[in-house]
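Each chain, written out:
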Protein chains: 2
Amino acid sequence: MTKKMTMREVAKLANVSQPTVSRVINGNKDVSEEIVKRVMQVIEEVGFVPNKTAQTLKRNQSKLIGISVTEIYNPYFVELIDHLESEARKRGYNIILHNSKHNSILEWENIQNFMARQIDGFLLVPTGEYNLPRISKLPIPSVVVTQSIKGFDSVGLNHLQAGRLVAEQFMRAGHDTFGYIGIDADDKFRGFENTLYENQMHFNPEHFIAVPDGESSNLLIRKAIEGYLEQNKEFPFSCVFASNDVMALEFMKIAQERGIRIPEDISLIGFDDTYLAKVMGISSIHQPIEEMITTTLTLLINRIEQEVASETVSIQLEPTLIERNSSRHRRT
Amino acid sequence: MTKKMTMREVAKLANVSQPTVSRVINGNKDVSEEIVKRVMQVIEEVGFVPNKTAQTLKRNQSKLIGISVTEIYNPYFVELIDHLESEARKRGYNIILHNSKHNSILEWENIQNFMARQIDGFLLVPTGEYNLPRISKLPIPSVVVTQSIKGFDSVGLNHLQAGRLVAEQFMRAGHDTFGYIGIDADDKFRGFENTLYENQMHFNPEHFIAVPDGESSNLLIRKAIEGYLEQNKEFPFSCVFASNDVMALEFMKIAQERGIRIPEDISLIGFDDTYLAKVMGISSIHQPIEEMITTTLTLLINRIEQEVASETVSIQLEPTLIERNSSRHRRT
DNA sequence: CTGTTAGCGCGTTCAC
DNA sequence: GTGAACGCGCTAACAG
């Protein structure tokens, strides 16, 4: 256990002044080769690493970006975080991850902590509307990911279009009774429903399997679906759209246990196109995660570096439907 | 966008000196009620949050714990991170997450970054032995999780015992040809193999399906298993132990595609007891994650707070076998 | 080219 | 009880 080194100690060992060490580290050209070599030598030997916390204080920027997600048991968010970390690193930033667990109070605590840690800006998968007003008053920029919100910088998916893609696919395959599994009647549901209406089809509200809001707990999802089955004896539809892959997977398992064949008896399409869908052969709406991350980061970093507060930007990316076995069946 | 506040500005607004604000925030008793109220009032109004980066500099402790994992696509690590975050928060610490992606170079960079960010200590799921010597020379404490390493503070699972449990279960069910899917002949494999030998059974080395080291990529795992099948026409064993749930799941999928029934034709036991195993009904070795986290954090925080360098501690937790459908079949 | 000086926001002596 | 002065490790401005 060697001691923690400071620039002053390095300076002493190299027989130079402390600011000179700073110049060497920051690649300032105005230092003689001779001294650069001497200083680097010492740095190597003692394993000196500059104290970013002091740099932050001095430069008034931490090169830290916060990300607050609502949960991490949904593999979609894991992918998001993973890509974000790599991409941010490439651009010279580190990330601080916080999980709000669908809890607005916790979300606000997380953001306070972001502020305390002097992050330069943050990304947010919001728990709801609750904190948005205060967030917009914060002295640092933020971008909402996954959803697009008016009046906020945000990068999301065109959920209406996603619902439309699914509806069209189901209709094309000859279905005329439709099911939905999700938390509430959000945009992806509306896109789904509207498209059906536009085509003289009908979505029966009783075919909506409502899952309680909160973490993607397999148990809760299972309960919701089984509860639904108890009331209805069987699934009164020939195809179903699940609002995320975790729900789709759980539906598939329950169907299998009951001897319901997928896709022959019921076609299934999920959402997020996570590895769960890939492994299990579940058709799913693909979100362009990488594009989403690069777009989001570019936007955020622009806000950070040019403090000019211009109009808020709300970007929508386009979904695509990845077809796999779970919906490869044509009804006749 | 209000401006970022400092103690000095709060002090001015409350007509007190900056140190007084500091006292109020840190709950110092020697401040008159009157002033406490006045200062708190201002703090509320302007939304002041103390700058932790300055506190870190002054106090020489950041209340930050680093965690470096080798991957995050294995749900086991996600659970680990999630529990760690909550538990650390309870104890007044935040965490910084880094992913080494099974890359020792990256791992070292991550650790350097930890140092730069002034973390107080860190947890490590090591990529291998490569960085261990330098890590032990660092001026801050660290604890290895998931494995127990001699000469290091570490908290791991008794992998030998885990392998033993699986072997015993398979033998009890009447199997006499055994398969294994994993990266190399690690402890869990050795425990498995040894137990077989002790019982006059034989593990045929050709029944070892080797998966390349690296991220738990479903694709790589699939390739490895399919490659094995090509060479052997069929699986030459009636039961198989997979060294993590991701591999177990992939094996199960491939078996299903080939019409091999699980558990009737082949019994399957996985490792980590993640939600993948739960959802898919795969038997699995359970790691007591919560106990592991609390033990690890207690150890690390002790090291942080009492700088007395005593003997290194190496703790092994006991695994349990969770039986599900994938191994519920008795051979006769 | 290099060293001296000042100050980022905060906590911690010290006087008063 | 409260304020003035100092310093944590670093960068930036200015001398020389």
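Right, let's walk through the structure included here.

Quick notes on the rules
- By convention here, each chain's residues receive numbers from 1 onward along its written sequence.
- To read the labels, note that chains go from A and ligands from 1, taken in the order they are written.
- Totals for whole chains, interfaces and linings use all residues, but because this is a predicted model, local features are given only for residues with pLDDT of at least 70 and pairs of side-chain atoms are given and counted only at 80 or more.
- Each residue gets a C-beta atom placed from its backbone. If that atom is within 6 Å of a molecule or strand, the residue is near it.
- Secondary structure elements are taken from DSSP: a helix is a run of H or I of four residues or more, a strand is a run of E of two residues or more, and numbering for both begins at the N terminus.
- Residue polarity is assigned by list, with Asp, Glu, Lys and Arg as charged and Ala, Val, Leu, Ile, Met, Phe, Trp, Tyr, Cys and Pro as nonpolar; anything else, Gly included, falls into the polar class.
- Buried, partly exposed and exposed are defined by the number of other C-beta atoms within 10 Å of a residue's own C-beta, namely 20 or more, between the two limits, and 12 or fewer respectively, with C-beta atoms placed from the backbone.
- Paired strands are those between which DSSP finds at least two bridges.
- Seen with the strands pointing away from the viewer, any crossover whose path from the first strand over the helix to the second strand runs clockwise is right-handed.
- Residues below a pLDDT of 70 in either copy are left out; the C-alpha atoms of the rest, at least 70 in both, set the least-squares superposition of the copies.
- What counts as a contact here is a pair of residues whose C-beta atoms, placed from the backbone, lie within 7 Å.
- Note on method: axes are straight lines fitted to C-alpha atoms, helices fitted across the in-contact stretch only, with angles between N-to-C directions ranging 0 to 180 degrees.

**Section: the protein's contact with DNA strand C**
No. 1: Taken together, 23 residues form the shell around DNA strand C, and within it M7, P19, S22, N51 and A54 of chain B come nearest.
No. 2: Mapped onto the surface near DNA strand C, the elements with two or more residues apiece are α2 (18–25) and α4 (52–59) of chain A together with α2 (18–25) and α4 (52–59) of chain B.
No. 3: The leading source of residues in the surface near DNA strand C is α4 of chain B, at five residues.
No. 4: In terms of residue class, the surface near DNA strand C is made up of eleven nonpolar, eight polar and four charged.

**Examining the pairing of strand β2 (residues 94–99) of chain A**
Residues and elements named next belong to chain A.
No. 1: Across the six residues that make up β2, a large majority, six, are buried.
No. 2: Alternating positions in β2 separate into two faces, N94, I96 and H98 on one and I95, L97 and N99 on the other, with burial throughout.
No. 3: The pairing of strand β1 (residues 64–69) with β2 spans six bridges and is classified as parallel. Within β2, the position partnered with I65 by the bridge is I95.
No. 4: Handedness of the crossover is the feature at issue here: the chain leaves β1, passes through helix α5 (residues 75–90), returns alongside β2, and the resulting connection is right-handed.

**Here we look at the relation of the copies chain A and chain B**
No. 1: In the superposition of chain A on chain B (RMSD 0.1 Å, axial shift 0.1 Å), the rotation amounts to 180°. When the rotation and shift are considered jointly, the pair of chain copies conforms to a two-fold rotation axis. Within chain A, the C-alpha atom positioned nearest to the axis of rotation is that of T53 of chain A, 2.8 Å from it.
No. 2: Comparing interface residues between copies, 97% of those in chain A also lie at the interface in chain B; the contact surface is shared.

**Concerning the sheet that holds strand β7 (residues 208–210) of chain A**
Residues and elements named next belong to chain A.
No. 1: The strand order across the open sheet built from six strands is β7-β6-β8-β9-β10-β12, with neighbouring strands paired in mixed fashion. This sheet does not close on itself; its edge strands, each paired only once, are β7 and β12 (320–322). Taken pair by pair, the neighbouring strands of this sheet meet at an average axis angle of 20°, ignoring direction.
No. 2: Those strands touched by helix α11 (residues 245–257) are β6 (178–182), β8 (239–242), β9 (267–272) and β10 (283–286), and its axis lies near 155° from that of β9.

**Re the environment of P212 of chain B**
Residues and elements named next belong to chain B.
No. 1: By the secondary structure assignment, P212 is in the loop between β7 (208–210) and α10 (218–232).
No. 2: For the pair P212 and G156, spaced 56 residues apart in the sequence, the C-alpha separation amounts to 23 Å.
No. 3: The residues touching P212, leaving out its near neighbours within four places in the chain, are L220 and A224.

**Overview of the protein's contact with DNA strand D**
No. 1: In the region of DNA strand D, 24 residues are neighbours, and M7, P19, S22 and N51 of chain A together with S17 of chain B sit closest.
No. 2: Among the secondary structure elements, those contributing two or more residues to the surface near DNA strand D are α2 and α4 of chain A together with α2 and α4 of chain B.
No. 3: Per-element accounting of the surface near DNA strand D gives the leading share, five residues, to α4 of chain A.
No. 4: Of the residues belonging to the surface near DNA strand D, the class tally is eleven nonpolar, nine polar and four charged.

**Observations concerning the interface of chain A and chain B**
No. 1: Counting from both sides, the interface comprises 37 residues of chain A and, opposite them, 36 residues of chain B.
No. 2: Secondary structure elements with two or more residues in the side of chain A that touches chain B: α4, α5, β2, α6 (104–116), α11 and α12 (275–280) of chain A.
No. 3: Looking at the side of chain A that touches chain B, the element that brings in the most residues is α4 of chain A, giving five residues.
No. 4: The class makeup of the residues in the side of chain A that touches chain B is 16 nonpolar, eleven polar and ten charged.

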